[in-house]
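# Remarks on the overall topology
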Amino acid sequence: MNYELLNIIYTGNKIWTESKKRITANNGTALMLAPSPSIGLIHEQENIPVTSLIDQLTGRVKYNPTKEGYFFNDFPKIDLASITMNRDGSISAINDGVTVAQVSTYPNTRRIVKEVRYLTASGDTDYIEEYTNDGFLYSNLFYTRNEIQEIDFYDENQFAVVRYFFYEGNLNYIRVYNAKTKQFEAEYNNNAEFYVAQLAKLVGPKDTIGINYMGIELIALEQTTSDNTLYLNEDPLDRSEEHTSELQSQEI
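Attention here is on the structure that accompanies the text. The model shown is predicted, which means the values in this text are computed figures rather than measured ones.

## Topic: the overall build of the chain
Scanning the chain from N- to C-terminus turns up five helices and 16 strands. Excluding contacts between residues fewer than 6 apart, the proportion of contacts in the chain whose partners are at least 24 apart in sequence is 36%. As displayed, the chain offers around 13,800 Å² of accessible surface, 46% of which is attributable to carbon and sulfur atoms.

See the structure below:
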């Protein structure tokens, strides 16, 4: 397999344009390190195969462009709650006169639900449900006193395959389960450890990986045996912080 490895895909920038050209030319796949429920839309709009490490673990390797997600008044919600479209375009779920949830939708869709933020009685964030554009629960973000505590990433049967845990707002523990056996498999102290280990399991010596940045993408390659190339899409700086264009790409 030929991969273009990116932490996050920004479809409007120069880096993505160059990556997309290489993916098309090499019959490749865009591989994201960071999780995203919007990968299906990127695939549809860019006509490029896209996946992420989280999707590989949860088994969400294919998105169904013919299956429409939850319409804004049809998502799973609190019994008896009504859905209200506000003047500013936002959407609220109201129960007995109290706003219990706020709904965000995918842009340029027929009000397809992307995120539902459930609120406590005091108005603090209780938890957030994220949905894919084809209508599956992607993740759940749990809060205490408006501070993130845990994120669970689900397979299509709503089993939490990957679980992120936070302390004082910082990610400090990750647990990974087998999506088929439901058994615990691995644990990591941070995203870098997680990316390094899981990327090495995904790719082998017959695979190629192209990266564009000397950041987390480069760190993630530490244990890989694939054929890796760094593409310098922007001129590097020399010691005097002047731009130099001596090198355009290199094997790593």
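## Brief notes about the nonpolar core
In summary, soluble globular proteins display a tendency toward joint burial of nonpolar side chains. Counting 46 residues, the largest nonpolar core has Leu 5, Ile 9, Val 162, Tyr 164, Phe 194, Leu 199 and Ile 209 as its most contacted members. Those residues in contact with Leu 199 that sit more than four places away from it in its chain are Leu 5, Leu 31, Leu 53, Ile 209, Ala 220, Leu 221 and Thr 224. Ranked by size, the runner-up nonpolar core spans 13 residues in total, among them Ile 91, Ala 93, Val 113 and Ala 160.

## Focus on the environment of Asn 73
Residue placement: Asn 73 occurs in the loop between α3 (53-58) and β4 (82-85). With 40 residues separating them in the primary sequence, Asn 73 and Val 113 have C-alpha atoms 8.8 Å apart.

## Description of the pairing of strand β12 (residues 170-177)
Note: strand β11 (residues 160-167) against β12, six bridges, orientation antiparallel. Following the sheet pairing, Tyr 167 is matched in β12 by Asn 170. The sheet contact formed by β12 and strand β13 (residues 184-188) spans four bridges and is antiparallel. Each bridged residue has a counterpart across the sheet, and for Tyr 177 the counterpart in β13 is Phe 184. Connecting the antiparallel pair β12 and β13 is a turn made up of six residues, with Lys 182 showing a positive phi of about 65°.

## With respect to the sheet that holds β12
Pairing within the open sheet is antiparallel, and its 10 strands lie in the order β4-β5-β6-β7-β8-β9-β10-β11-β12-β13. Among the strands making up the open sheet, the edge pair consists of β4 and β13. Taking the axes of each pair of neighbouring strands and ignoring which way they run, one obtains an average angle of 20° across the sheet.

## A word on unusual backbone geometry
One non-glycine residue, Asn 47, lies in the positive phi region at around 55°. A positive phi angle is found at Asp 96, which is not glycine, with a value near 55°. If you trace the backbone, Asp 96 turns up in the loop between β5 (91-95) and β6 (98-105). A residue is classified by how much of its surface remains accessible, and Asp 96, at 76% relative accessible area, is exposed.

## Overview of the pairing of β11
Judged by how many residues are buried, β11 sits mostly within the fold: six of eight residues are covered. Sheet analysis places strand β10 (residues 147-154) next to β11, joined by five bridges and oriented antiparallel. Residue pairing across strands places Ile 151 opposite Tyr 164, the latter belonging to β11. Once β10 ends, the chain turns through five residues before running back antiparallel as β11, passing Gln 158 with a positive phi of about 65°. In this antiparallel pair of consecutive strands, β11 and β12, the connection spans two residues, and Glu 168 shows a positive phi of 50°.

## Here's the deal with helix α2 (residues 39-46)
The set of residues buried in α2 consists of Ile 39, Gly 40, Leu 41, Ile 42 and Glu 46. Where α2 is buried, its residues meet α1 (14-26), β2 (29-32), β3 (50-52) and α3. Immediately beyond the C-terminal end of α2, within one or two residues, lies Asn 47, with a positive phi of roughly 55°.

## So, helix α4 (residues 191-202)
Here α4 contains 12 residues, and its C-alpha end-to-end distance of 16 Å stays within 8% of the 16 Å for a straight helix at 1.5 Å per residue. Taken as a whole, α4 has its buried residues at Phe 194, Tyr 195, Val 196, Ala 197, Gln 198 and Leu 199. The residue sitting at the N-terminus of α4 and contributing the capping side-chain oxygen is Asn 190; that oxygen lies 3.2 Å from the backbone nitrogen of Ala 192.

Criteria and cut-off values
- Residues numbered from 1 in each chain as written.
- Predicted model: local features only at pLDDT ≥ 70, side-chain atom pairs only at ≥ 80, totals over all residues.
- Heavy atoms only, no water.
- Helix = DSSP H or I, 4+ residues; strand = E, 2+ residues; numbered from the N terminus.
- Contact = heavy atoms within 4.5 Å.
- Areas by Shrake-Rupley, 256 points an atom, 1.4 Å probe, with all protein chains shown as cover.
- Core = buried A, V, L, I, M, F, W, Y, C linked by side-chain atoms within 4.5 Å.
- Buried < 20%, exposed > 50% of the residue type's maximum accessible area, 1.4 Å probe, protein only.
- Pairing = 2+ DSSP bridges.
- Axes fitted to C-alpha atoms, helices over the stretch in contact; angles between N-to-C directions.
- Expected span 1.5 Å × (residues − 1).
- Polar contact = N/O pair within 3.5 Å; in protein donor to acceptor, adjacent residues only side chain to side chain.

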